[in-house]
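Residues per chain, in single letters:
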Amino acid sequence: MPELGKKTVSAFSKKPKTTEVAVGSSASFEAETERVGLKLRWQRDGSDLAASDKYGLTSEGTRHTLTVRKVSPEDQGVYAVIAGSSKVKFELKVKEAEKPDLVPTPNGAPAPPEGPLPSEPPVPGDAPTTGSERCPPKSEATSAAVSEDPIGLFVTRPQDGEVTVGDSITFSAQVAGASLLKPPVVKWFKGKWMDLSGKVGKNLQLHDSYDRASKVYLFELHISEVQAAYAGGYRCEVSTKEKFDSCNFNLTVHEAIGPADLDLRSAFRRPSLPGGARRTSGDGHDEGGSLDFSSLLKKSFLRTSRDPKLEAPAEEDVWEILRTASPSEYERIAFQHGVTDLRGMLKRLKGMKKEEKKSEAFLKKLDPAYQVNKGQKIRLVVELANPDAEVKWLKNGQEIQMTGSKYIFESSGNKRMLTISQCSLADDAAYQCMVNGDKCSTELFVKEPPVLITRVLEDQMVTAGQRVEFECEVSEEGAPVKWLKDGVELTREETFKYRFKKDGRKHHLIINEATLEDSGHYAVRTSGGQAVAELIVQEKTLEVYQSIADLTVGARDQAVFKCEVSDENVKGVWLKNGRELVPDSRIKVSHIGRVHKLTIDDVTPADEADYSFVPEGFACNLSAKLHFMEVKIDFVPRQEPPKIHLDCPGRTPDTIVVVAGNKLRLDVPISGDPAPTVIWQKAAQGSKGPAEAPEAPSQAGDSQEWVFEKKLLCETEGRVRVETHKDRSIFTVEGAEKEDEGVYTVTVKNPVGEDQVNITVKVIEVPDPPAAPKISNVGEDSCTVHWEPPTYDGGQPILGYILERKKKKSYRWMRLNFDLLRELSHEARRMIEGVVYEMRVYAVNAIGMSRPSPASQPFMPIGPPSEPTHLGVEDVSDSTVSLKWRPPERVGAGGLDGYSVEYCREGSSEWVAASQSLTEHTSLLVKELPTRARLLFRVRAHNLAGPSAPATTKEPVTVQEILDKPSPPQEVRVTEAWGFNVALEWKPPQDDGNTELWGYTVQKADKKTMEWFTVLEHYRRTHCVVSELIMGNHYYFRVFSHNMVGASEKAATTKEPVFIPKIGLTYQPPTYKALDFSEAPSFTQPLVNRSVIAGYDAVLCCAVRGSPKPKISWFKNGLNLGEDARFRMFSKQGVLTLEIRKPCPFDGGAYVCRAVNAQGEAQCECRLEVRVPQ
């Protein structure tokens, strides 16, 4: 990610531009890069373009060209060229080769132009228009050249338009800009007073552009999905500093009917275009009109020409027209004048008609409605018949009181005036003026200007994992905006992924770690428009420096697979034959830096497999094969060695399961010549290690051996007995017990050899009873029971648990569940409040049910209290925090035993108790807290049912240090004295006063007078040279230390005076070669990040050196602070200080100090966080 304050350098020295060509011709786009060898990609609508018959791609050095051959309307769109991380977008616009001005009539003759209607005088300067020229296209508007301006500011005025319901229409106006110093201001109105800039949204958009060649401004009003209510008169006003011009035009909306044909269905089709032209869809196919049956349900109103009876003059008031019109004409008049709220119109008109009776108290009443822009003031005026009458002003039925400067009441003769200043949306209401029971009413409409985007978003291309920040700037500070991704709004619930930030008029969208799924189009939307940018997230690549290699190892050798990748933070998984490898005592996995290692000790034949290393987050894997090398020894036995014939022979234990109390019989077939001797032994429980069986030969390939503390079994009678025959040996246990469980070893021997088998006997039974259950979350009629699994599960998995409950004074236990409980907790319900209960639990396995557990501690179903309220911080010191809260709103029948207070560090989940016992007070002083720690505090209320939910502080509390003056420096001594000079040296103070040291003050005093004079001030080093001393005098020296609080109370003083001897030598000034001491600025002490509290002055300090003396400039977030009176800048002996007076949260951000002289420049930066105290 680029560093803060640096701009990303573009890879292009020349960028392709938007081009407009005719159909059938070729279009060429040319781009030049900064250096040779860059790989370019050409795209159209996000898809890469390849060389073909349609597209030609050429590259010569730094020049790259894209050629589109035989351009067609389908080639129109947005193209882009990408080089590295730079991306440039441009458009290809396609225009028709020839476009006739007039639409031919069915007989082939051109249609005559329409002149002005006899009943409607033409607008001055308005040329006659034809049906095909009612809304000039944008390509024609921008290509017109302007030589003079004979018709005011307009070059082309918006023309009347006709459209069918559901279609779209665009009105265009061209304004001459050759004589204008600033762009003109254009407003669009519907009817007399409805400003359309506040109605911008999905169905209405306003666009503007400027053609530099013709110096003409183009303004467009685009209406999509037209409805019947949109019909009526419109007005376009254009104004500059010295001129004003306006133009009226009409929109006619056709509802249903088309020309009469013989086909019955044509009567219900939507009308075709004027002049017989047929309406075509976006893909060029003839629609032929869509069926519309609305004419059967409602009387259609077809307006084929402008009718002066249907249009009210622009200078008439719509409310005066409605007052005198018939109720059947209300809907038509509302449509013509752009009134969309019909219900509100009828309500207001009803109130107006009630007031038509003659009023005795008012000579002049309030107007029916007033409109004012947000932030401006408005005055409501009435005239009274009695100048001495008392007047009351009401807002939404409530009397307005004189508070502050918001409302101003004035009286002048028989006039009464109400002035509302700084109008906001809260002032949009109904107002009344009341005099002796008589009143007049009005409505005030506050119009909010649309929020415009002054700086749009920029496209970005990043690598997965990088930080992305979109930034835009709007016209109004603090205005609400919406962020969208691919048309879907990003809500506040997605703050774990996206972070929204406001800084005055700037709005930021931050993605901390971008992923491939974050690629797409991001938009910011305001009430006045939107801006869109594209985010391209490229996949991270991983380089393999060393891959794993195939290995061939012998038995019990060590195998090591090692690989090295480019990213040391990448983790991975080792696989064996495609399955994840789990490390154990023999298999070890390590990750040190970029090296990943797999170590296998004591290799066995089972380890022979394919091993792979798969890095996390990357679609690649590294594979190798482990080959096992066997050593075979051929021998020919002379006699038959002893052999144990079992299904699973060898040293690996073979497990036999027996239920406790049942009989166990082990029948082991044997063979050998001569007949072997059979020995049965029982080993200690589960010990593993090298085999200690006497004369037991080692077998290659054994993965583990068993160690036995031998117990010889040779009884032939009793509960445990052994019987040996020629071909078998029988081991019998009558009534198996838990003590019979273990590993049994059968050893057969003869002179030829021996054989041995380990058999594991497992005795299973019902599980042990669980421990006493624990009760928590006790409510009014419920509780949560928790228990732990039994210490011994009986040798079989626990299938579930059975829970029982009883009253404490009763002996009857009641079972709570009939199906086994799989979890280790259960919520018991339907208990009686105030009754003491006990709980117990059974464990169940495949053998049966255990004995019951001990009963739980008695408990009473009483609901815990609610959490404490109004938790706040009263005071903070360097090691203590004072908390205060209010009792919970609900205490319950269990009363209140006290409160517990806990705290934890920010980002941690480990809570520490602030006191050992409960406190009965609603405040607590928490002591012995770590200084500078950011802590969260929570308080719980306790009663018999337990603790309540915690009340937690909303923001972390910083344990502030108490700033103090530093202690004096240590061990001031004179290291050398020569001529008129003395060299001093000292150590920093032991205590810096919990803040940064600003420097030292060095003073000298003659032994005779003992008057102290300052030699050096704000000196930062711990050694200095004092010059210009008088020979023959004795001097003392002392040093003070300084920080932001002040100087140390005492100074460190030299113990003995220093004598400056007189020297009778003649001083020979040495000759020096003239040297250039100029140097570029450099910061000897950079800025450090600070965190301050809002309302307290803050200081940023740094130190710089340079010759000649550099010029210092301070910046905040890239803005120069030189002219801001809230910031004071000091520079003394290279120490630079910026003082911020009473900072607020908006003063937080990145601060940069820049030093510039003739030799160069340098800068350092820091971040300032301004916290609001809670």
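Values in this document were obtained by computation on a predicted structure and should not be read as measured data. (Residues numbered from 1 in each chain as written. Predicted model: local features only at pLDDT ≥ 70, side-chain atom pairs only at ≥ 80, totals over all residues. Heavy atoms only, no water.)

S.K.: Help me understand unusual backbone geometry in this model?
M.R.: Of all residues except glycine, most have a negative phi; of all peptide bonds, most are trans. At the junction of S1107 and P1108, the peptide bond is cis and its omega measures out at -5 degrees in the coordinates. Among the structural elements, P1108 can be located in the loop between β80 (1098-1107) and β81 (1111-1116). Phi at R556 takes a positive value of approximately 60 degrees, unusual for a residue other than glycine. Within the element layout of this structure, R556 appears in the loop between β38 (551-554) and β39 (559-565). (Helix = DSSP H or I, 4+ residues; strand = E, 2+ residues; numbered from the N terminus.)

S.K.: Could you clarify how one ought to interpret the state of the cysteines in this entry?
M.R.: Put plainly, a disulfide is one covalent bond tying together the sulfur atoms of two cysteines. Within this structure, the stated rule accounts for zero disulfides. Unpaired in terms of disulfides, C433 finds its nearest cysteine sulfur in C440, a separation of 4.9 Å. Given the relative accessible area of 0%, C433 is considered buried. (Disulfide = S-S within 2.5 Å. Buried < 20%, exposed > 50% of the residue type's maximum accessible area, 1.4 Å probe, protein only.)

S.K.: Looking at this model, I keep getting lost on the packing of aromatic side chains. Mind explaining?
M.R.: Working definition: an aromatic ring pair is given by the centre-to-centre distance plus the angle between the planes. Counting across every chain of the model gives 22 aromatic pairs. Between the aromatic rings of F171 and Y234, the centroid separation amounts to 6.5 Å while the plane-to-plane angle is 25 degrees, which identifies the pairing as stacked. Remark: Y234 occurs in strand β17 (residues 232-239) and F171 occurs in strand β12 (residues 169-176); sequence separation between them is 63 residues. Of the residues examined, Y234 reaches a relative accessible area of 4% and is grouped as buried. On the basis of an interplanar angle of 70 degrees and a centroid distance of 5.6 Å, the ring pair of W986 and Y1000 is categorised as edge-to-face. Remark: Y1000 occurs in strand β72 (residues 997-1006) and W986 occurs in strand β71 (residues 981-987); sequence separation between them is 14 residues. Using a relative accessible area of 3% as the deciding quantity, one classes W986 as buried. Overall, Y1000 belongs to the buried group, its relative accessible area being 4%. Between R1038 and the ring centre of W1012, over which it is positioned, the NZ or CZ distance is 4.2 Å. When the ring centre of F1115 is taken as reference, the NZ or CZ atom of R1154 above it lies at 4.5 Å. (Phe/Tyr/Trp six-rings, centres within 6.5 Å; stacked < 30°, edge-to-face > 60°. Lys NZ or Arg CZ within 6 Å of the ring centre and 35° of its normal.)

S.K.: Sorry if this is basic, but what is going on with the side chain of D160 here?
M.R.: Within the fold, D160 resides in the loop between β10 (154-156) and β11 (161-164). Classification of D160 as buried rests on a relative accessible area of 11%.

S.K.: Help me understand the confidence of the model for the protein chain, please; the structure alone is not making it clear to me.
M.R.: Predicted coordinates in regions of low pLDDT should not be interpreted in detail. Looking at the protein chain, pLDDT values average 79 and 83% of them are 70 or higher. Taken together, the stretch residues 1-8 has pLDDT below 50 and engages in six contacts with residues farther than four places along the chain or on a different chain. Contacts of residues 257-315 to residues separated by more than four positions or lying in other chains number 82 contacts, the stretch itself having pLDDT below 50. (pLDDT = per-residue confidence, 0-100. Contact = heavy atoms within 4.5 Å.)

S.K.: How should the environment of Y1096 be read in this particular structure?
M.R.: Secondary-structure assignment places Y1096 in the loop between β79 (1090-1093) and β80. Overall, Y1096 belongs to the exposed group, its relative accessible area being 57%. Sequence separation between Y1096 and V1170 is 74 residues, and the spatial gap between their C-alpha atoms is 9.8 Å. Apart from the residues lying within four places of it in its own chain, the contact partners of Y1096 are K1142 and P1143.

S.K.: Just checking my understanding: could you explain the sheet that holds strand β62 (residues 881-886) for this structure?
M.R.: Taken in spatial order, the three strands of this open sheet run β61-β62-β65, and their pairing is antiparallel. With partners counted over all chains shown, the strands left at the sheet margins are β61 (869-876) and β65 (923-926), one partner each. Taken over all neighbouring pairs, the strand axes of this sheet differ in orientation by 20 degrees on average, direction set aside. As paired elements, β62 and β65 share four bridges and run antiparallel to each other. (Pairing = 2+ DSSP bridges. Axes fitted to C-alpha atoms, helices over the stretch in contact; angles between N-to-C directions.)

S.K.: Would you mind showing me how to read the pairing of β71 here?
M.R.: Residues in a regular strand project their side chains so that they alternate between the two faces of the sheet. Burial of β71 is extensive: five of the seven residues sit out of reach of the surface. The pairing of strand β70 (residues 970-978) with β71 spans six bridges and is antiparallel. Looking across to β71, one finds that Q970 is bridged to K987. Here β70 folds back onto β71 in antiparallel fashion, the turn holding two residues, of which G979 has a positive phi close to 55 degrees.

S.K.: Is there a simple way to think about the pattern of salt bridges in this case?
M.R.: Close approach of charged atoms allows side chains of opposite charge to pair. Tallied over the full model, the rule gives 43 salt bridges. Two residues, K89 and E534, come together in a salt bridge whose shortest N-O distance is 3.7 Å. Within this pair, whereas K89 is found in strand β9 (residues 86-95), its partner E534 is found in strand β36 (residues 529-538), the two being separated by 445 residues in sequence. Residues joined in a network through salt bridges with shared partners are K14, E30, E32 and R63. (Salt bridge = Lys/Arg side-chain N within 4 Å of Asp/Glu carboxyl O.)

S.K.: Teacher, can you tell me more about the sheet that holds strand β7 (residues 63-68) here?
M.R.: Working definition: the strands of a sheet are paired by backbone hydrogen bonds and lie parallel or antiparallel to each other. On the basis of which strands lie adjacent, the open sheet formed by four strands has the order β1-β3-β7-β6 and antiparallel pairing. Looking at which strands have only one partner, the edges of the open sheet turn out to be β1 (12-14) and β6 (55-60). Adjacent strand axes in the sheet meet at a mean angle of 25 degrees, parallel and antiparallel pairs treated alike. Pairing of β1 with strand β3 (residues 27-33) involves two bridges; the strand directions are antiparallel.

S.K.: I'm lost on the nonpolar core in this one. Help?
M.R.: A general trend in soluble globular proteins is that nonpolar side chains are found buried together. Core analysis: the biggest nonpolar cluster contains 26 residues, and F171, W188, L221, I223, Y234 and L251 have the highest contact counts within it. Elements represented by at least two residues in this core include exactly β12, β13 (185-190), β16 (216-223), β17 and β18 (244-254). Discounting chain neighbours no more than four positions away, the residues touching I223 are D167, S168, I169, F171, N203, Y230, Y234 and L251. Of all hydrophobic cores here, the second largest spans 24 residues; its members include L457, F470, L490 and A514. (Core = buried A, V, L, I, M, F, W, Y, C linked by side-chain atoms within 4.5 Å.)

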